[in-house]
Every structure is written in structure tokens, then in C-alpha cells.
Amino acid sequence: MISKEQWRAFGADKLPGLLGVEIMEVEPARVMARMSIRLQVLAPNGYLHAATIVALADTACGYGCVAGLPNGATGFTTIDLSSNFIGTAREGGIRCEATLVHGGRSTQVWDAQIFDENSDKLIALFRCTQMILYPRSKQE
């Protein structure tokens, strides 16, 4: 089992670290993550940028995918994602609850809900499909 600190270090020098994504819990079928809202993740209109929400949700789903890779898999890549924005936030933090919907040998489908931590209101729904990657045989 990988610790919270190891998961945080996993993305520290990449986009999750740049945005301040905090990994709270990772299980093969469930991930909890959060991030603080600060000026750098807002859109010019002063509201939370949609890309910030997508980055948090995609990170949580991706970490869950890594935690639940089938035997022999070497990684994954996102092949589809969709987002529905229901609300927004301007201060405090947002949290993401990602859950595995389908965990197959060639694909995984993840759903995520993003909440405003101040009000506990749902602000976005997210779904992504991950293609599971395997080593290529020498004949390919």
C-alpha cells in the first residue's frame, strides 16, 4: 500500500504539484483529493477556472487507475473525459471524490464529484475513460 505522502510525491514536480493537489486517500476503486483555491487557479472573471476542476478530477481518477492497474499493465492514458459544471467557488477549497465505475483489463471508467468545501455543495460532475497500457511484444 502506498502512503498519502508517496502519492503526493508522485505528482509533486508535475501539474498536480503545480496546482497544489493534495491526495487524501487512494484505494483501487476510490480516491479522495482536494486543493486550496488561490488567485492562480481562478479565471480572469474571479471564479474558479474550469480547467482547475478538470485537473483535480482527472488527477484523482488517474491516481485511482494507477492504484488499480491489472496485472501486467504498465500504465494508462485518458481516452475520453467529460465535465458538467453545476456551480463554482471563489475561496476556501474544493474536494474531489472519485470512484471506479468499470475496471476492465483494457479500460477503466471513473466518475468524480467535486464539492465546494465551504458550503459542501456539488459544483461539478466528471467522467473519464482510461485505456490500460501493456508492454509491446517484440514482434510489434
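Residues numbered from 1 in each chain as written. Predicted model: local features only at pLDDT ≥ 70, side-chain atom pairs only at ≥ 80, totals over all residues. Heavy atoms only, no water.

A. Summary view of unusual backbone geometry. In this structure, Asp 120 is a non-glycine residue whose phi angle is positive, near 65°. Secondary-structure assignment places Asp 120 in the loop between strand 5 (107–116) and strand 6 (122–133). You can call Asp 120 partly exposed: its relative accessible area is 46%. (Helix = DSSP H or I, 4+ residues; strand = E, 2+ residues; numbered from the N terminus. Buried < 20%, exposed > 50% of the residue type's maximum accessible area, 1.4 Å probe, protein only.)

B. Local environment of the side chain of Gln 130. You can see Gln 130 is positioned in strand 6. Here Gln 130 falls in the buried class, since its relative accessible area comes to 0%. There is a polar contact of 2.8 Å between the side chain of Gln 130 and the side chain of Thr 78. Every residue in contact with Gln 130, bar those within four places of it in the chain, is listed here: Asp 58, Cys 61, Gly 62, Cys 65, Phe 76, Thr 77, Thr 78, Ser 106, Thr 107, Gln 108 and Trp 110. (Polar contact = N/O pair within 3.5 Å; in protein donor to acceptor, adjacent residues only side chain to side chain. Contact = heavy atoms within 4.5 Å.)

C. Examining the pairing of strand 2 (residues 30–36) more closely. The buried fraction of strand 2 is high, at 5 of 7 residues. Strand direction decides the pairing type here: strand 1 (residues 22–27) and strand 2, joined by 5 bridges, are antiparallel. Residue Glu 22 lies in a different strand from strand 2, and its bridge partner there is Arg 34. The hairpin formed by strand 1 and strand 2 contains 2 residues between the paired strands. Pairing between strand 2 and strand 4 (residues 93–103): 7 bridges, direction antiparallel. (Pairing = 2+ DSSP bridges.)

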